[in-house]
Amino acid sequence: MKAVKGKYYFGGVHPHDEKKLSQTAALEVLPVPETVAISLSQSLGKPAVPVVEVGAEVKEGELIAKADGAISSNVFASICGTVTEIKTLQGMNGNDETHIFIKANGKNDKSELPPLSEPSADEIKERIKDAGIVGLGGAGFPTAVKVSPKTPVDTLIVNGAECEPYLTCDHRLMCEKTDEIARGARYIAKALGVTKILIGIEANKPDCIAAFENYDDIQPVILKKQYPMGGEKQLIYVTTGRKVGIGKLPADVGTIVQNVATCYAVCEAVELGKPLYERALTVSGRAVQNPKNLWVKVGTPIQAIVDFCGGNAELTKKAVAGGPMTGVALGGFDSYTHKTTSGILLMTEKEAAADEPTPCLNCGKCADVCPMHLMPMNTAFYSAAGDMEAAAKYGNTAACIECGACEYVCPAKRPLIQAIRKTKAYLRNRK
Ligand code: SF4
Ligand code: SF4
């Protein structure tokens, strides 16, 4: 279908995106690491429960930990080898997580599920659950839950916005695996019982937009280049005109959003029986000699990725897992990738631009760019004063999508995201 133009939404920012560093680098495969350490916390919700013991021989794709309840996900061996240790260590987001260590044995034995041919809606849902698929756009919500909404929906929106600066792995995936993404989207649509499929892609990826114009059943929507265009609520509005209210879900307005990488994973799980144990990610930043887009096994040491791409530790002022706006700062290279790791960025002092915060200027710029119409300066002010109730109330913090646009524009470099996360943690603990 010929691409149509999407709508505009209030707020947002236009950060310097630096995508040119890696957007023409075709996906390549990172060599199998000697050892992987696979966290059992691979999705929102509860960690998975190990089903292997130290000393076990495992094949690539073999189940090593089972989901614990609905909001959890199965975890699989990403390489063929021996389980050498099961222990708790700090994950890349700073939380203590149990990891299963596997030492490679040089073999290439695989354990896969039986491929499905013309599967029913229920078979697709079951396969998504069994294959441990989670939202690969960053949130890590179990996809099996998302494809079983409580209210009927009529539209699947595929998220190809990739609005985070630096990240280009979705761009490459859309260029190189267009058919697989389209088929994965059709499986998800079938599971949901919908026929309307839209794909939102930012205007800075004309090659991807053209590629998706080749399908009669998928409507490409050209999105303005603006951050956070890929935020779920923003994407739903710009592609359909429907507004998801505060505290409401996409399904409440008849939509479900799935990232392009998730569609690809669903295609592989259905057609090849391949569980989710590897993904595409971007390695970039001015402290990386050879920025790349790589296929990486879940649980790969960050150090192995940095070494492969010529990362310079001395030049690195700030290392980030994910994108610079919503990713997590890394204390070093001694952690391991997750299913949701979309990027490893090594930024120089100039890129990191980490100025010291100064007092608030009351300029209101943070509110001007907030796509959720919030008052982040209030959250920061009351949180700093220790009045968390007021921080939550006057900043309406519960509605924040943590996009980071407010902090990006703040001329006083106020730590707004830190204040927002602290206030949200207070709200969670109060519950
Ligand atoms: S307050 Fe939240 S939603 Fe609004 S700009 Fe800041 S991080 Fe984004
Ligand atoms: S943008 Fe920064 S300085 Fe301006 S009102 Fe918001 S917090 Fe204060």
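These numbers come from a predicted model, not from an experiment. (Residues numbered from 1 in each chain as written. Chains lettered and ligands numbered in written order. Predicted model: local features only at pLDDT ≥ 70, side-chain atom pairs only at ≥ 80, totals over all residues. Heavy atoms only, no water.)

Time to look at a negative patch on the surface. A surface patch of negative charge is lined by Asp122, Glu123, Glu126 and Asp130. Summarising the element assignment, aspartate 122 is placed in helix H1 (residues 121-130). (Patch = residues over 30% accessible without salt bridge, like charges linked within 9 Å, V, L, I, M, F, W, Y side chains within 5 Å. Areas by Shrake-Rupley, 256 points an atom, 1.4 Å probe, with all protein chains shown as cover. Salt bridge = Lys/Arg side-chain N within 4 Å of Asp/Glu carboxyl O. Lys, Arg positive; Asp, Glu negative; His and termini not counted. Charge placed at Lys NZ, Arg CZ, Asp CG, Glu CD. Helix = DSSP H or I, 4+ residues; strand = E, 2+ residues; numbered from the N terminus.)

Before going further, it helps to examine the packing of aromatic side chains. Counted by the stated rule, this structure contains 5 aromatic pairs. Measuring from centroid to centroid gives 6.0 Å for phenylalanine 212 and tyrosine 215, while their planes differ by 50 degrees, and the two rings are tilted. The exposure class of phenylalanine 212 is buried, given its relative accessible area of 1%. Note on tyrosine 215: relative accessible area 11%, which makes it buried. Centre to centre, the rings of tyrosine 264 and tryptophan 295 are 5.6 Å apart; their planes meet at 35 degrees, and the pair counts as tilted. Of this pair, tyrosine 264 sits in helix H7 (residues 260-271) while tryptophan 295 sits in strand S15 (residues 292-297); the two residues are 31 residues apart in sequence, bridging distant segments of the chain. Accessibility assignment for this pair places tyrosine 264 and tryptophan 295 in one class, buried. Above the plane of the ring of tyrosine 277 lies lysine 274, whose end atom (NZ or CZ) is 5.4 Å from the centre. (Phe/Tyr/Trp six-rings, centres within 6.5 Å; stacked < 30°, edge-to-face > 60°. Buried < 20%, exposed > 50% of the residue type's maximum accessible area, 1.4 Å probe, protein only. Lys NZ or Arg CZ within 6 Å of the ring centre and 35° of its normal.)

Turning our eyes to something else, we now look at the site of ligand 1. What surrounds ligand 1 is the set Cys370, Pro371, Met372, Pro376, Cys400, Ile401, Glu402, Cys403, Gly404, Cys406, Ile417 and Ile420. Of the residues contributing to the shell around ligand 1, the split by class is 10 nonpolar, 1 polar and 1 charged. (Near = heavy atom within 4 Å. Nonpolar A, V, L, I, M, F, W, Y, C, P; charged D, E, K, R; others polar.)

Let us look at the layout of surface pockets. Its boundaries defined by the atoms lining it, the second largest pocket holds a volume of some 1100 Å³. If you trace the second largest pocket, you find 31 residues lining it, with Lys318, Pro324, Ala352, Ala353 and Glu407 closest to the centre. Going through the elements one at a time, strand S16 (318-321), strand S17 (328-330), helix H9 (349-352), helix H13 (405-409) and helix H14 (416-430) are the ones with two or more residues in the lining of the second largest pocket. (1 Å grid on protein atoms, 1.4 Å probe; cavity = no way out; pocket = protein on both sides within 12 Å on 5 of 7 lines; lining within 4 Å. Points joined across faces, edges and corners; volume = space filled by probe spheres on them.)

Spatially, 3 strands are ordered S4-S6-S7 in an open sheet, and the strand pairing comes out antiparallel. Because the sheet does not close on itself, it has two edges, and the strands there are strand S4 (49-50) and strand S7 (75-76). Note: strand S6 (residues 63-66) against S7, 2 bridges, orientation antiparallel. The residue of S7 that forms the bridge with alanine 65 is valine 75. (Pairing = 2+ DSSP bridges.)

This part covers the site of ligand 2. In the vicinity of ligand 2, the residues found are Cys360, Leu361, Asn362, Cys363, Gly364, Cys366, Met377, Cys410, Pro411, Ala412, Arg414 and Leu416. The class makeup of the residues in the shell around ligand 2 is 9 nonpolar, 2 polar and 1 charged.

We now examine the nonpolar core. Grouped together as the largest cluster of nonpolar side chains are 46 residues, with contacts concentrated most on Ile133, Leu156, Val158, Met174, Ile181, Leu192 and Ile199. Listing elements by their share of this core, those giving two or more residues are H1, strand S10 (155-160), helix H3 (169-176), helix H4 (178-192), strand S11 (196-202), helix H5 (206-212) and H7. Filtering out sequence-adjacent residues up to four positions away, isoleucine 133 remains in contact with Ile128, Pro142, Thr143, Ala144, Thr262, Ala265, Val266, Ala269 and Leu276. (Core = buried A, V, L, I, M, F, W, Y, C linked by side-chain atoms within 4.5 Å. Contact = heavy atoms within 4.5 Å.)

Applying the stated criterion across every chain, the model contains 19 salt bridges. Note that aspartate 68 and lysine 46 form a salt bridge whose closest N and O atoms lie 4.0 Å from each other. Residue aspartate 68 is found in the loop between S6 and S7, and its partner lysine 46 is found in the loop between strand S3 (35-39) and S4; the two are separated by 22 residues along the sequence. Overall, aspartate 68 belongs to the partly exposed group, its relative accessible area being 31%.

Here the focus is the packing of H1 against H4. Packing of H1 against H4 brings their axes to within 8 Å, and their N-to-C directions diverge by 115 degrees. Between H1 and H4 lies a crossing of left-handed hand. Facing H1, whose interface residues are Ala121, Ile124 and Lys125, H4 presents Tyr187, Lys190 and Ala191. (Axes fitted to C-alpha atoms, helices over the stretch in contact; angles between N-to-C directions. Left-handed = near helix turned anticlockwise from the far one by under 90°.)

Turning our attention to the environment of leucine 136. Among the secondary structure elements, leucine 136 is positioned in the loop between H1 and helix H2 (143-146). Along the chain, leucine 136 and arginine 279 lie 143 residues apart, while their C-alpha atoms are 8.6 Å from each other. Excluding its chain neighbours within four sequence positions, the residues that come into contact with leucine 136 are Asn259, Ala261, Thr262, Ala265, Leu276, Arg279 and Lys339.

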